[in-house]
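Residue-level listing of the chains:
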Amino acid sequence: MNPFIEIITQPDNIAIVIMVIMVCFYMVWAFQQAFQNDRLLAAGLPVDGENDRFVDTFKPLVRIELLVALVVMVGLTVWSILVDAPLEEIANPTLTPNPAKAPWYFLGLQELLVYFDPWLAGVVLPSLIVVGLIAIPYIDINPKGNGYYTFAERKYSIIIFSFGFFVLWLLLIVIGVFFRGPGWLWYWPWQEWDHSRVVFEPTKDLTAIIGIESRSFAGFIIGAVVVGSYLIGGMIAPYRYWKKNNPELLTQLGMIRYVTIIFLFITMMSIPIKMVLRLVFLIKYVWITPWFSV
Amino acid sequence: MKSLPEITDKVKKNLIWKSVFRRDYRNTVRDRAQAVFGNVFLHLHPVQVRESAVKLRFTWGMGGITLLAFIILVITGVVLMFYYHPSIDQAYTDIKDLEFQVPFGVILRNLHRWGAHFMVIVVMIHMFRVFMTGSYKAPRQFNWGVGVILLVLTFLLSFTGYLTPWDQLGFWAITVGTNMGAATPLLGYQGPFSEYLHITPYNDVRFALLGGAQVGGNALLRSYIWHCVAIPLVATILMMVHFWRVRKDGGISKPQK
Amino acid sequence: MANENKNSSSLRLYIFVFFSVVLLALSVWIVWDDEFGLRPWKKFQTEYKTLKHDKLEKDYRRAVVEFERSGGHRKLAELESKLDRAEGVFKSKENQEKYAKLNNQMEAAHEALTKSQKELRDLRGQFLEIEYYYTKTQKPDYKAKMDVLQRSIDTVALRVAAQQKAEDTIKGSLSALTSVTVGIRSEIAKMKNGLEEKKDKITSSDKVPVEIKQIHIADVDKADRCQSCHIGIDGKSQISGKQPFTRHPASFIYLDHHDPAKFGCTFCHRGQGRATTTAEKAHGNVKHWDEPMLQGDMTQTSCLNCHGDIKGLRGAEKIIKSTELIKKYGCYSCHKIPGYETVGDVGPVLTQVGTKVNYSWAISWLMDPKKYFSTARMPKFYFTQDQAESIADYLFSMSGTTRHDVDNTKSKPDAKLIEQGKALWAQSRCNLCHITGGRGGNNVKVYAPDLSKVGSKVNKEWMFKWIKDPNVYFPGTKMPRFRFTDEEINGLVAYITTEYQDEEAEYKYVQPVEIKAASIAKGKDLIQKYGCYGCHKLQGMEDMVQVAPSLRKQGVSFLRNNEMREKIGMELSSIGSKPVDMLDFGKLKSSIPNDRLSYIKQKLRDPRGYRLGLRMPNFRLAESEINELAAVLYGFTDSSVPTRFLVPSRQELDRMAGVPSYKFTGDFAKVIADVKCTNCHAIRGIGADYAPDISYAGSKLQEGWIRNFLANPDMIRPLLQQMPKFGLTSGKPQAKVTMPRFNLGKQKVEDTNKTDVDVVINFFQQELLSSDIPKEIPKINTIGLPEQIAKGKQLYDLKGCRACHQIGTDGGALGPNLTNVGNRLTQGFIFKHLENARKFKADIVEPNYGFTEPERIYLTNYLMTLKLNAK
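This one's a predicted model, so the numbers in the text were calculated from it and none came from an experiment.

### Some details on the overall build of chain B
- In terms of helices and strands, chain B carries 12 helices and 1 strand.
- Its C-alpha atoms give chain B a radius of gyration of 24 Å, clearly above 18 Å, the size a compact globule of 257 residues would have.
- In terms of overall dimensions, chain B has a C-alpha envelope of 75 × 55 × 30 Å along the principal axes.
- Buried residues in chain B amount to 47% of all 257 residues.

See below:
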C-alpha cells in the first residue's frame, strides 16, 4: 500500500486528520468573520452582534443545543462504527518500537526534543506554555476586540497567538505524526520507512564553528555571552524602540507587564530560532554548562 | 376510541406528571422563563440570550460540544469500568474480551477512544475561538485561566487513559511521556541540578508518577485511578466553576467598545 | 420576516428529524451488528445443530425400520409377556432366598479379590521400580530386594487366582438363576436397538444452547473459544467433513492424550484463542498478533514445547524427522540451541589437513563443496578464489606443509593388489556408510563422505594411516578401526585411489609452492570472521582467547575461550516466539510477508539476502528441508508452558532420580571406541537405530552364535535377505546389507591379555542382560520332552506361524527365518518373546496369540530343536 495512505488510515491518525480538517475549517471561518468585522469597523458601522436584540433561551437556544448534540453524536457513532480502536501486542518492556511515539497531542513536545534537551522541551517549555496562556488576559491591555472577531484591532496578539497555536503546536504535531519515522528521522509520506537507515548529520556546538571547544572555559564564556545577550538584548531592544516611538504604550504596560510579555515572547521565539540553528546551521548547543546545555 | 387531546389530557392530569413538570407549558413569556430556571440542567442559561449567542457562527458551539464529549466519555467510561481490571495480568485480556465477548464492547470502546480524541480537538478549537473573539478580556480573565487548566486536564485525562489497555502503543507512549518527568530540573534524576538534592531514579518525579522506576503494575494502577477518579473529579469541579463564571461574567461575550 | 422565520424553523425541524432518524438507524445497526455481525459462531452452531439433527434423525429412522423388520410391536408385546412369566418364576420365594444368599457370597468374594488384586498391583509397582534401578545401576542389593518382592508376588498371585476362581463359581450360579430373564431382556434390547435413547439424543442435542464455548485454563488465564465455531472438533463421530465442523484429525493420538478441557487448543495450535469475531482474528492472521495459527504437520512443532524427548513420540513423526536436520547440518555449531550443548563437532578435524588433501582440491572445496559431491553438508561461504587460498594457506601452514598436490594417477599400482583391495572393500561393507558412484550409504545418519572422487583428494600415505587407525588423526571419528593387516590396507588404498578418481580434477601444485605470511594472516582473519572453528577443530584456534585486533574493530563479539563458548550466530533458543518486530527483514521488508515463518524460511533459503554484511553461509537446502528445519526452529520458544504439562526426557528423569546415565566401562569401552558398534546398533539407549538394538543381546543370543557371527557376519545374510522390502517392521526399507567384518579376534585389547572378541562376548554375557529374560524355561515334569516338542510343533502348525516365518524353505517371509533359531536365540528369550513380543520391540508386527504358559513351553522346546548344523 501507498505509505501515505497507510499512515493516515492508521486508526489513531484518523483523529489527526479530522483535527487538521476541523482546525483549517474554523481558522478560515474565524478570519473570515474577523475581516468582515474589520470592514464594518473601517466603515464606522456596528460589528456583528453589537446591536443584538434578546431572544428567549427556551426554545431557540435549547433547540440548537440539542441539534448540535445530535449531530455530534451521529458523527461520533459513525466514526466508532467505521474505525476500530487500535490494540497492539501486549506490553513488552523488552521490545522498544521504533519510533516510540508519545500520544499525538504531545508530539509537538516530542518534536522539540530534537532541538532542546528534555528538561527544556519536556518540562520548562510546557510549564511556560501553560503559565503564558493563563497570563494572556493580564498582559494583553488592548481593550479593543472584546467580544467580536477582529484582526485589525489586535493584529499583534492574533499574529503571535496564531504562530504559537498553528505553527509551534499543531504543525509540530502533524510533523510528529506523519513525517517522523524510525530513529525520529524525517520521512516524506511517500517514503518507505527503513529501519536500518542512518543519517549522519555532523552537528557542532556554536563555539566550535569559530574553533573553540564548547566544553572549555572559553566556550562556556562565549556561550553564556551569546545566550545572555539574546535574553538581555531581547529585553532591552523593544524597550528602546517603544521609548522612542510609542512611550505611551510603555507607561500603560508598566515594568512588570513589560518584562513578562517580553520574556514569554523571547522564550517562544527561541524555539524557531533554535530550530533554524539546528536544521540550517547544524548547531547542537549554543551554551554548555556543567549542569545543563541550551 | 379516544381522541389525541383526550389522551394527552389523561397523561398530563395526574399526580405523577404534575410532580415532575409542575406546570403546563403554554408558551407564554412566564412559561418560557420558567422552563429555563425551573430546570436544573437549563438554569445555567439566562432566561433570555442575545440573538448572536444563539447563532452558531459566533461560538461554534465548541464549549457545549466539549461538555457533551465529556458526558459521553463518563457514561461509556463507567460501563467500561465494569469489564476492566487495572492489573498487568488482566488488563490486556480484558480489552481483548471487550472486543470478542462483551455485549456492545466494541462500540463502547470505540466511542470512548474516539470521543476522547474528539474532546481534545474540540477543546483546542474552543480555546482558539475564545482567543479570536477576545473573550478572555475583562471581566473574563479568571475564567480564561480556569479554561487553560481544563485544557491541561483534558490532555492528562487522555494521557492517563492511554496506558489502560496495557498494549505496546500505550506502554511506550507513557514511557516516552513520563521520561520527560525524569528531566525535571532539580526533581528529576536526569534534570539539571538534581544531583544537589540527591535525586535518584528511585525518588524523583518520575518515580512518583509511575509508582516505580519503570512503567509497571503500579503505573497502571496509578494511571487508572488518575484517569477514572482523580482527574474527572477535579475537572468536574473546575467545569462547574467555569460555567458559573460564564454566567456571572455576563454570559456569552458581546461586543464591548 | 415572520415568514422567513417560519421557513427556517421548519427547515430546522427537518434537520432535527433527519438526524434523529439517522441516530436511531445507527443504534439499530449497532444492536444488529452486535447480535449477529460480531457473533458469526451463532450461524455455525445453528448449522451444526441442523446437521447433527439430520444425522441423528437418520440413525433413528434406520433403527425404526430395523425394529419393524424384526417383528415390530407385536413381537415386542410377545416378548414382554414372556418376560413377565419368567420374572414370576424368578420372584418365587425359594428362588429369591437363593438369590439373596448368592449375592451376599458374591459380595464377600469380590471384596477379598479386590483387596488381593490391589496388593498384587502395589507389589508389582514396587518391583518395576526396583528393577528399573537395577538395570541402570546393576547393584546387587537391588537384586536381593527384587528376589524378595518376586516371592511375595508369586504368593499373592496364587491367592488372587484362587479367589478369582471362587468368584467365578459364584458368578456362574448367579447367572444360571437369572439367565432366562436376562436372555429375554437382551432379546428385547436387541430388537429395540436403543430406539428410545436415539430419540432422546435428538431432543437433547436440539436443546444444546447456542453460546460461546470456551475452555478456560485458569492458572495461565488462557481462554480458548475455538470451539465456538469448531463445534464438532472433539465430537465422538464426524457430523460433517466441512470446516469448521470436522473432528480433530488423529484425535486418538492428540486429543486422547491431551484432554481438550485441560489443554485447550492454543498451546499446540497457537492463534488467538479469545477471538470470536472473524476467522482471521481467531487464527491470529492479523496485525498485532504474533502467533498465527499452526495447521497440519506444522503443528507438530508444538510437541517440542513440553516433550523433553520426542524420540519415538507417536504423532510427532514429522518433527522428529525434522530435528534430525539440526544434527545433520550442525546448526548448534554456530547457534546456541538448548539441548544440543554436548553434541560433538559436525565437521572433521582439520589440524593436519595439509598432510591429507591436495591444495587444489581444498580450494575447489572451499569455494563450492557441492561441486565435489552433491551430498556435501558443508555450506557455501561465497569465498572468492583469493579468500579460499588464504584460508587454505592458513590450514596448510598450520599442518607444516606447503601448497602442494599429489596426483595419485601417476603411480600405477599392481593389478593383483587392486583386485585384493576390491574384494576387501566388498567384504568390509564400506558401502554401508560411504557412497560411491551414487550407490550405498544406507546408514545415512553416519553422514560418511562420498568417496566417488576421493582418489583425487587425499594422498596415499595419509589414507594408509587413516585406515590403519582413524582415531589417531581424528579422535572421535565415526570411522571404525578394521583390524586389517598392512598388506590388506595397501590393497585397499591401491583400489580406492585408482578406482575412485575425479577426471576433472586439476593438479596445479604438483611442484610445491611456498606459502606467504600475509596470506596466512588473512586466512586466519577469515576463519575467525566466519567461525570455521564452530564445526571443525582447527590448529591455533583451540581456545579463542587471543583476539585479532582487526576483528574487535568490527565489533565482533563471538570470541571463544575456555570458560565462555560464545557462538558466532544468533541464539536460537526462542526464535519460534521472537516478536516479529525484532526480526530484521532489511531489504526484503516489502517483498516477503512480514511474519516469523516467512522470515525463517527466507533466511534458510538465502542466508545473506536480508542485508549486506551477513555471515551465515548457504547450506543450499532443498525446499522440503527448508520447510522441515523452519518447523523445528518455529518450535524453539520461550513460551511459558505450565510445569504440569512438561514431560521430562528419560535423561532428565534419570538425573532427577539420581541415576547416572549409561556409560560403557572397562575393556569393552576400549573395543567400542575402536569398532564403533553404536554407529548402527543401540545399546541401552546409546547409538543408532540402523541395526537391531542389542541392549539385551546377552540374554537373547547364544554365546556360540555371537562368536560365529562376529567372526563371519555373512552367515546372517540368508536371514536378513528376507526382511520385507515393504518395510512393515520399521518403516524403513532395508537393502541387502549386513554387518561388516571387523576382523575381531586377531588382536589383543590394549593393556590386557584378552582378545577383543572375548571382551565383546564377555561384555554381552555380563552386561547386556535383561532380568525379564530367564536363563531357562520352566519345566513341565508331567510330560516327557519329546512329547513337549511334538506338542510345540502341533501348535506351530495350528497357529499358522508359517504364514510369516520360514523353516528351511517352507513358510512366509514376513517374520525372521527360524531355520537356525535353536542355535541363535536363548530359550528364555523365546519363551518370554512368545508371552509378549511387544515388550522387546514396541512396533513389532507379531500378533499376541495369548499363549498359555504350557503352550509357550511346548513351543519353546520345539523351536530350540531347530538347528542348522553349521560348518
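### Concerning the interface of chain A and chain B
- On the chain B side, the residues contacting the 72 residues of chain A number 78 residues.
- Listed by contribution, the elements that provide at least two residues to the side of chain A that touches chain B are helix H2 (11-42), strand S1 (54-56), helix H3 (57-82), helix H5 (118-139) and helix H6 (155-178) of chain A.
- If one sorts the elements of the side of chain A that touches chain B by residue count, H3(A) sits on top with 13 residues.
- Taken together, the residues that form the side of chain A that touches chain B break down as 49 nonpolar, 11 polar and 12 charged.
- When S1(A) meets strand S1 (residues 48-50) of chain B, the two strands line up antiparallel, connected through 3 bridges. The partner of A:Asp56 across the bridge, within S1(B), is B:Gln48.

### Here's the deal with the interface of chain A and chain C
- Taken together, the contact between chain A and chain C spans 17 residues of the former and 16 residues of the latter.
- Of the residues belonging to the side of chain A that touches chain C, the class tally is 10 nonpolar, 3 polar and 4 charged.

### Some details on the domain arrangement of chain B
- Domain annotation for chain B reports domain 1 (1-48) and domain 2 (57-248).
- Here domain 1 of chain B and domain 2 of chain B have C-alpha centroids that lie 40 Å from each other.

### A few points about the nonpolar core
All names here are of chain B.
- In terms of nonpolar packing, the biggest core is built from 91 residues, with Ala69, Met119 and Val122 touching the most fellow members.
- Among the elements that line this core, the one with the most residues is helix H8 (residues 105-132), at 18 residues.
- Apart from residues lying up to four places away in sequence, Val122 is in contact with Met62, Ile65, Thr66 and Ala69.

### A closer look at unusual backbone geometry
Residues and elements named next belong to chain A.
- The linkage connecting Asn98 with the following residue, Pro99, adopts the cis geometry, with an omega of 0°.
- Within the secondary structure, Pro99 sits in the loop between H3 and helix H4 (107-112).
- For Trp184, which is not glycine, the phi dihedral falls at a positive 55°.
- Structurally, Trp184 can be placed in the loop between H6 and helix H7 (206-209).

### Regarding helix H29 (residues 756-766) of chain C
- Of the residues making up H29(C), those classed as buried are C:Asp756, C:Val757, C:Val759, C:Val760, C:Ile761, C:Phe763 and C:Phe764.
- If you follow the buried residues of H29(C), they end up packed against helix H25 (666-675), helix H26 (697-700) and helix H27 (703-711) of chain C.

### What to know about the packing of H5(A) against helix H10 (residues 255-280) of chain A
All names here are of chain A.
- Close contact between H5 and H10 brings their axes to 11 Å; oriented N to C, the two are set at 140°. Considering the angle they form, H5 stands oblique to H10. For the pair H5 and H10, the crossing hand works out as left-handed. Here Leu128, Gly132, Ala135 and Ile139 of H5 lie close against H10, whose contacting residues are Arg257, Thr260, Ile261, Leu264 and Thr267.
- Residues belonging to the contact of H5 with H10 are distributed by class as follows: 5 nonpolar, 3 polar and 1 charged.

### A closer look at the packing of H27(C) against H29(C)
Residue and element names in this part refer to chain C.
- In the contact formed by H27 and H29, the axes pass within 11 Å of each other and the chain directions differ by 145°. With respect to the hand of their crossing, H27 and H29 are arranged in right-handed fashion. Of the residues in H29, those touching H27 at Glu703, Ile706, Arg707 and Leu710 are Val757, Val760, Ile761, Phe764 and Gln765.
- Taken together, the residues of the contact of H27 with H29 break down into 6 nonpolar, 1 polar and 2 charged.

### A word on the environment of A:Ile8
- Mapped onto the elements, A:Ile8 comes out in helix H1 (residues 3-8).
- Residues A:Ile8 and A:Thr57 lie 49 residues apart in sequence; the distance between their C-alpha atoms is 42 Å.

### A look at the environment of B:Glu51
- Note on placement: B:Glu51 falls in helix H4 (residues 51-54).
- Under the C-beta neighbour-count criterion, B:Glu51 is labelled partly exposed, with 15 such atoms within 10 Å.
- Remark: the alpha-carbon pair of B:Glu51 and B:Ile7, spanning 44 residues in sequence, is separated by 37 Å.
- For B:Glu51, the residues in contact, after removing those within four places along its chain, are A:Asp52, A:Arg53 and A:Val55.

Reading the values: the criteria
Residues numbered from 1 in each chain as written. Chains lettered and ligands numbered in written order. Predicted model: local features only at pLDDT ≥ 70, side-chain atom pairs only at ≥ 80, totals over all residues. Helix = DSSP H or I, 4+ residues; strand = E, 2+ residues; numbered from the N terminus. Rg over C-alpha atoms; globule rule 2.2 N^0.38 Å. Buried ≥ 20, exposed ≤ 12 C-beta atoms within 10 Å, placed from the backbone. Contact = placed C-beta atoms within 7 Å. Nonpolar A, V, L, I, M, F, W, Y, C, P; charged D, E, K, R; others polar. Pairing = 2+ DSSP bridges. Domains from an automatic or database assignment. Core = buried A, V, L, I, M, F, W, Y, C linked by C-beta atoms within 7 Å. Axes fitted to C-alpha atoms, helices over the stretch in contact; angles between N-to-C directions. Parallel < 35°, antiparallel > 145°, perpendicular 65-115°, else oblique. Left-handed = near helix turned anticlockwise from the far one by under 90°.

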